[in-house]
Structure formats: structure tokens, C-alpha cells
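Chain residues, written in single-letter form:
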Amino acid sequence: MSRGRAARLLAVACGGVVGAFALIALFAPWLAPYDPNGTDLGSRLLPPAFLERGRLAHPLGTDHLGRDILSRLVAGSRVTLLVGASTVLLGGLVGGAIGLATGFFGGVLDRVAMRLADVQASFPYILVSLALIAVLGPSLGIVIAVLGLASWPVYARTIRGAVLAVRSRDYVTVAVALGAHPMRILAAHVTPNVLGPLVIVATLQVSNVMIAEATLSFLGLGVPLSTPTWGGMLREGQSYLFYAPWLAAWPGLAIMLVAVSTNFLGDALNDRIASA
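Draft legend 1. Highlighting a nonpolar patch on the surface. Residues L10, L253, M256, L257, V260 and F264 make up a contiguous nonpolar surface patch of about 470 Å² in total accessible area. Considering every element that reaches the nonpolar patch, the biggest residue donor is helix α11 (residues 246-275), with five residues.

Draft legend 2. Seen up close, empty space enclosed by the protein. Applying the stated criterion across every chain yields a total of one cavity of 30 Å³ or more. Lining the largest cavity are D63, I69, R72, M233, E236, G237 and L247. Elements that contribute at least two residues to the lining of the largest cavity include exactly α3 (69-105) and α10 (230-237). In terms of residues, the lining of the largest cavity owes the most to one element, α10, which gives three residues. Grouping the constituent residues of the lining of the largest cavity by class yields three nonpolar, one polar and three charged.

Draft legend 3. Fine view of the nonpolar core. Of all hydrophobic cores here, the largest spans 15 residues; its most connected members are V83, V143 and L147. Among the elements that line this core, the one with the most residues is helix α9 (residues 182-218), at five residues. Ignoring any residue separated from it by four or fewer positions in sequence, one finds V143 in contact with V83, I133, E213, L216, L221, G222 and V223.

Draft legend 4. Main features of the layout of surface pockets. One number sums up the size of the second largest pocket: a volume of about 260 Å³. Breaking the lining of the second largest pocket down by element, the ones donating at least two residues are α1 (3-26), α3, α9 and α11. Class assignment of the residues belonging to the lining of the second largest pocket gives a composition of eleven nonpolar, three polar and one charged.

Draft legend 5. View of unusual backbone geometry. The residue L45 is not glycine, and still its phi comes out positive at about 55°. Relative to the helices and strands, L45 resides in the loop between α2 (28-31) and α3.

Draft legend 6. Region of interest: the side chain of T87. Residue position: T87 is located in helix α3. Of note is the side chain of T87, whose polar atom sits 2.6 Å from the backbone oxygen of V83. Leaving out residues up to four positions away in the same chain, T87 has contacts with I144, L147, G148 and V209.

Draft legend 7. Expanded view of the packing of α9 against α10. Relative orientation of the contacting elements α9 and α10 amounts to 40°, with a least axis distance of 7 Å. As the angle between them shows, α9 and α10 are arranged oblique. Between α9 and α10 lies a crossing of right-handed hand. Between α9 and α10, the residues in contact are M210, A214, S217 and F218 and W230, G231, G232, L234 and R235, respectively. Each residue belonging to the contact of α9 with α10 can be placed in one class, and the counts come to five nonpolar, three polar and one charged.

Draft legend 8. Up close: the pattern of salt bridges. The full count for this structure, using the stated rule, is seven salt bridges. D63 serves as the salt-bridge partner of R72, at 3.9 Å between the closest nitrogen and oxygen. Accessibility assignment for this pair places R72 and D63 in one class, buried. D118 is the salt-bridge partner of R157, the closest N and O atoms lying 2.0 Å from each other. Separated by 39 residues along the polypeptide, R157 in helix α7 (residues 152-167) and D118 in helix α4 (residues 107-121) bring together distant segments of the chain.

Draft legend 9. Molecular detail of the environment of P182. Following the sequence through the fold, P182 ends up in helix α9. Judged by its relative accessible area of 36%, P182 falls in the partly exposed class. Residues P182 and F104 lie 78 residues apart in sequence; the distance between their C-alpha atoms is 8.9 Å.

The rules behind these values
Residues numbered from 1 in each chain as written. Predicted model: local features only at pLDDT ≥ 70, side-chain atom pairs only at ≥ 80, totals over all residues. Heavy atoms only, no water. Patch = residues over 30% accessible without salt bridge, like charges linked within 9 Å, V, L, I, M, F, W, Y side chains within 5 Å. Areas by Shrake-Rupley, 256 points an atom, 1.4 Å probe, with all protein chains shown as cover. Salt bridge = Lys/Arg side-chain N within 4 Å of Asp/Glu carboxyl O. Helix = DSSP H or I, 4+ residues; strand = E, 2+ residues; numbered from the N terminus. 1 Å grid on protein atoms, 1.4 Å probe; cavity = no way out; pocket = protein on both sides within 12 Å on 5 of 7 lines; lining within 4 Å. Points joined across faces, edges and corners; volume = space filled by probe spheres on them. Nonpolar A, V, L, I, M, F, W, Y, C, P; charged D, E, K, R; others polar. Core = buried A, V, L, I, M, F, W, Y, C linked by side-chain atoms within 4.5 Å. Buried < 20%, exposed > 50% of the residue type's maximum accessible area, 1.4 Å probe, protein only. Contact = heavy atoms within 4.5 Å. Polar contact = N/O pair within 3.5 Å; in protein donor to acceptor, adjacent residues only side chain to side chain. Axes fitted to C-alpha atoms, helices over the stretch in contact; angles between N-to-C directions. Parallel < 35°, antiparallel > 145°, perpendicular 65-115°, else oblique. Left-handed = near helix turned anticlockwise from the far one by under 90°.

So this is what it looks like as C-alpha cells:
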């Protein structure tokens, strides 16, 4: 099998994984076999069905309160993927707009925006998020807003570099010489040619955002504890690692699968655009 074909098959497989989780998140209320918050202390800490004492009624086991792990994974996928998609959309819009403006117009706006990006980039991404959420309080909306706004420098720098490259091309030079309005040049000639890098960065950022959300939930600073999330499930399972490891294994596996798959998809998109 050639290297190119293997890369395409890997990209298709990763796309299938991401698509499957997206469908699970979309239809979560109908796919979850039990109420994700429904407790049954008589069935607490049941192992997965393929282990001794496991029950087919709970194929992935139950947690310390008797809640079905499969149902909580399905319900948690909706929150985790919602945070990932919404955060990337917010960060992409804000950072992309700043990158377009600074790269095309330059001047004072460029210098000020890039210095602000330098200042924010000097602080660890997760540390900035932790500090802001600790002040504002944990909620789904706050988590999305904080993670999205904390990631704008990544998009701004990437799009600014792409705009600088596009701005020097002949068709932009001709449009300027013909007296086209700057906003028309930006909308018709520049923006369509920088969407590729924006999509690539957004795809690669999904995994970072998901891991950041899981970290915040693990520390108790994510969405409310009553809402099932993969990070929250990891947090609850840490006390049972030695005699009920499935509590943390399943959400950890889910996070790993989606994060690795989106990274490979981003790499495949990058290779495809670079070879076009």
C-alpha cells in the first residue's frame, strides 16, 4: 500500500470517528439507554459486561452512584463537542477578523493587535482560562466564551500571515491599481484565499479545546457538576482508579479518540491544501 493511499484511508477513518461522535452528540437524548443522572445504589460500581460480574444491561459498567456509564458518555459527548465546536467558531471569528484587518491594513492596528497577542501568548492558555473562570464562575456559556477568546491569537497570527502572502499577489495588485475599494478587495480577493489556513487551524484547535474543557471539568471549574461531561467523569473516577478503573478509562478513551482523529484530519487537510 502506497503512503498516499494509507494517508487517505487514515483520514477517512478519522473522519468516520469524528462523524460518529458528532451523530451521537446530535441524537444523545434518544441514544442514551438510561437517564445519565439516574442513580441506583444497588447497581453501583458494576464492571463492564465483558468482565466478571458485568451485566448486559450496563455494557460499560456503572459508577459509584449506580449511574450507567454508557448513558453518561453519550450525554457527555453533546457537551464536550458543543464546547469544542462553539469555542473554535468564536475564536475563529474573532481571531480571523483581527488577522484579516491587521494583515491587510497594517499600521498602528497591526502593531497594537500583535503586541496584545504577544502578551496573551506569554501566558499559558489553560492558566488564562482557569483565572478567568475562577473569577466569573463556572457555566457552559462562560467556558465557551473564555476558551474562545483565549484562543484568538492563534487564529489572528495564522490569518495575518496568510493575508500578507495573498496581498502581494498580482491579482490584488491589479485590483488596487484599478481603484477597487479596499473592503471589496478584502472580501472578494483576500478572504476566500485565506479560508484554507483558517479551516486547518480550526480543525487542529478542536482537540486542544476539548482537552482544555476536560481539564477545567476535572478541576471542578468547567460546566456544572450536574451536567455529564467527559472531563467530569474523569474527575469522579480518579478516586476509584485501583478497583474500578473503567470509570476513568471510558471517558479518557473517548477524549483520546476524538482528539487524535481531529488532529489527523487537520494534518490531512494541510497536506491536501499544500499539494493543491
